[in-house]
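Each chain is listed here by its residues.
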Amino acid sequence: METKRSFEDLILPEDLKSRLKDSVSWHIRNKVPLKFFFEGPAGSGKKITAEATCRESDADLLIVDSKALLKKPFF
């Protein structure tokens, strides 16, 4: 998925936005793959935050609907 959002697009308290930026920077500096799980009600900004995180780190974005995973067996 092409990411269009950046950290500047996020409406978050500055301390939370700063912690997110620091976490992404740490992953990049230490060459640790980004693996974040965003959970919350619809409209809470999960997808926008994921897009911004991936854009800032030049990572691919994979969106998975956890409810869909629970409906079908994996084998």
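The structure presented is a predicted model; accordingly, all values stated were derived computationally and were not measured.

A. Geometry of a nonpolar patch on the surface. On the surface, L62, V64, L69 and L70 cluster together into a nonpolar patch covering about 460 Å² of accessible area. In this fold, L69 is placed in helix α3 (residues 66-71).

B. Structural detail: helix α2 (residues 46-57). When the terminal C-alpha atoms of α2 are compared, their 17 Å separation across twelve residues agrees well with the 16 Å that a helix rising 1.5 Å per residue should span. Elements that come into contact with the buried residues of α2 comprise α1 (14-29). Just downstream of α2, D58 is the residue with a positive phi angle, here 55°.

About the thresholds
- Within each chain, residue numbers correspond to sequence positions counted from 1 in written order.
- Confidence filtering applies because this is a predicted model: local features only for residues at pLDDT of at least 70, side-chain atom pairs given and counted only at 80 or more, and all residues used for totals across whole chains, interfaces and linings.
- No hydrogens and no water enter the side-chain calculation; it runs on all heavy atoms of the structure.
- Each patch groups residues whose relative accessible area exceeds 30% and which form no salt bridge, using 9 Å between like charges and 5 Å between nonpolar side chains of Val, Leu, Ile, Met, Phe, Trp and Tyr.
- In this description, accessible areas are obtained by the Shrake-Rupley approach with a 1.4 Å probe, and a residue is regarded as covered only by the protein chains that are shown.
- A side-chain nitrogen of Lys or Arg and a carboxyl oxygen of Asp or Glu constitute a salt bridge if their distance falls within 4 Å.
- Strands here mean DSSP runs of E at least two residues long; helices mean DSSP runs of H or I at least four residues long; both are numbered from the N terminus.
- One fewer than the residue count of a helix, multiplied by 1.5 Å, yields its expected span.
- Any two residues whose heavy atoms approach within 4.5 Å at even a single point are treated as in contact.

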